[in-house]
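Coordinates in review
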Amino acid sequence: MRIFKWTPNFRTNVESHLAPVWITLPNLPAQFYRRDSLGSIAKAAGNPIKVDQATANISRPSLSSVCVEIDLLKEPAKRVWILARLDGFWQPIQYEKIPDTAPIAFDKVMRNQTLRFYTLTRPNQ
């Protein structure tokens, strides 16, 4: 069973190419553990949904986790540039349990007036 976000054009017979996935930001400096900062950083990976409890409580400072909605049709971001005052750094983004394949995606192709069906496979990471 998969959980999907409802949208006005939601159809039960079509799998979504959007999926909730937990990302981790290893060794993120403590000053970035505020919800607004985590949300901004997580946007590099997808649409932020939730911060895990250990991250919210800063009880596990070596690893922060955020659940994001990712588009399985896009290449996942592997890092994000964080600029802090006059200095910046690349923050790695690690993904937990990305689905191996995107479900059937529909691509309406107007030339030849056909509807093509594709099974999209995620690239190896």
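What comes next concerns the included structure. (Residues numbered from 1 in each chain as written. Predicted model: local features only at pLDDT ≥ 70, side-chain atom pairs only at ≥ 80, totals over all residues. Heavy atoms only, no water.)

Remarks on a nonpolar patch on the surface
- A cluster of nonpolar side chains, Trp81, Leu83 and Trp90, forms an exposed patch at the surface whose accessible area comes to about 370 Å².
- Note on placement: Trp90 falls in strand E5 (residues 87-92).
- Residue Trp90 is classed as partly exposed on the basis of its relative accessible area of 45%. (Patch = residues over 30% accessible without salt bridge, like charges linked within 9 Å, V, L, I, M, F, W, Y side chains within 5 Å. Areas by Shrake-Rupley, 256 points an atom, 1.4 Å probe, with all protein chains shown as cover. Salt bridge = Lys/Arg side-chain N within 4 Å of Asp/Glu carboxyl O. Helix = DSSP H or I, 4+ residues; strand = E, 2+ residues; numbered from the N terminus. Buried < 20%, exposed > 50% of the residue type's maximum accessible area, 1.4 Å probe, protein only.)

So, unusual backbone geometry
- Its identity is not glycine, yet Asn27 carries a phi of approximately 55 degrees, on the positive side.
- Here Asn27 lies in the loop between strand E1 (18-26) and helix H1 (35-42).
- Of note, the phi angle at Arg85 is positive, near 55 degrees, even though the residue is not glycine.
- Summarising the element assignment, Arg85 is placed in the loop between strand E4 (79-84) and E5.

A few points about the sheet that holds strand E6 (residues 94-96)
- The four strands lie next to each other as E2-E3-E1-E6, forming an open sheet whose pairing is antiparallel. Each edge of the sheet is formed by a strand with only one pairing partner; in this case those strands are strand E2 (47-51) and E6. Ignoring which end each strand starts from, the neighbouring axes of this sheet average 40 degrees apart.
- Relative to E6, E1 runs antiparallel, the two sharing three bridges. Paired with Ile23 across the two strands is Tyr95, which belongs to E6. (Pairing = 2+ DSSP bridges. Axes fitted to C-alpha atoms, helices over the stretch in contact; angles between N-to-C directions.)

Side note on the packing of aromatic side chains
- Counted according to the given criterion, the structure contains two aromatic pairs.
- The ring of Trp90 has Arg79 lying over it, and the distance from NZ or CZ to the ring centre is 3.8 Å. (Phe/Tyr/Trp six-rings, centres within 6.5 Å; stacked < 30°, edge-to-face > 60°. Lys NZ or Arg CZ within 6 Å of the ring centre and 35° of its normal.)

What to know about the side chain of Ser65
- Looking at the secondary structure, you find Ser65 in strand E3 (residues 63-71).
- Among the polar contacts made by the side chain of Ser65, one reaches the side chain of Arg60 at a distance of 3.3 Å.
- Leaving out residues up to four positions away in the same chain, Ser65 has contacts with Trp22, Ile23, Thr24, Val51, Asp52, Thr55 and Arg60. (Polar contact = N/O pair within 3.5 Å; in protein donor to acceptor, adjacent residues only side chain to side chain. Contact = heavy atoms within 4.5 Å.)

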